Amino acid sequence: MLRFVTLVSIATTFLTAFVLYATNYQTRALEHELEAAQRRLDALSREVATLRAERAFLARPSRISKAARALGMRPATGAQYRTSTPRNGESGPEVPDEPR
C-alpha cells in the first residue's frame, strides 16, 4: 500500500509540474501579446495626434481663404442663397434680395 501511495504522489507531482509549466508558458505568451498590443496602441495614438495637428493646420481660415482666392473664388452674395421648398404647404422664410 505504501508503494502505491508513493507512486501516486510522484505522478501527482509530475502532473502538477507539467500543469504549472504550461500555465507559465501561456502567461508569457499572453504578456508578449499584450506588449505588442500596447506598442500598436501607442503608435496609433501618436498617429492620431499627428493627424489632429495636421487637420488643425489645414482648417485655418486664413489658409483656406488664401487658397480660395488663388482659385478665383469669392464669398457668396445674398443673391446666391435660395430657400428650399417647405413641406406640407407651409410657407418658409423669405430671404430679401441684396441691394445693388
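Calculation criteria
- Residues numbered from 1 in each chain as written.
- Predicted model: local features only at pLDDT ≥ 70, side-chain atom pairs only at ≥ 80, totals over all residues.
- Heavy atoms only, no water.
- Helix = DSSP H or I, 4+ residues; strand = E, 2+ residues; numbered from the N terminus.
- Buried < 20%, exposed > 50% of the residue type's maximum accessible area, 1.4 Å probe, protein only.
- Areas by Shrake-Rupley, 256 points an atom, 1.4 Å probe, with all protein chains shown as cover.
- Patch = residues over 30% accessible without salt bridge, like charges linked within 9 Å, V, L, I, M, F, W, Y side chains within 5 Å.
- Salt bridge = Lys/Arg side-chain N within 4 Å of Asp/Glu carboxyl O.

**Q** Residues and numbers for the overall build of the protein, please.
**A** Scanning the protein for helices and strands turns up two helices and zero strands. Taken over 100 residues, the protein has a buried fraction of 2%. Here the protein displays about 9900 Å² of accessible surface, and carbon together with sulfur accounts for 61% of that area.

**Q** Please provide a residue-by-residue account of a nonpolar patch on the surface, values included.
**A** The grouping of Met1, Phe4, Val5 and Val8 at the surface amounts to a nonpolar patch, some 440 Å² of accessible area in total. Mapped onto the elements of the fold, valine 5 is located in helix α1 (residues 2-58). Judged by its relative accessible area of 41%, valine 5 is partly exposed.

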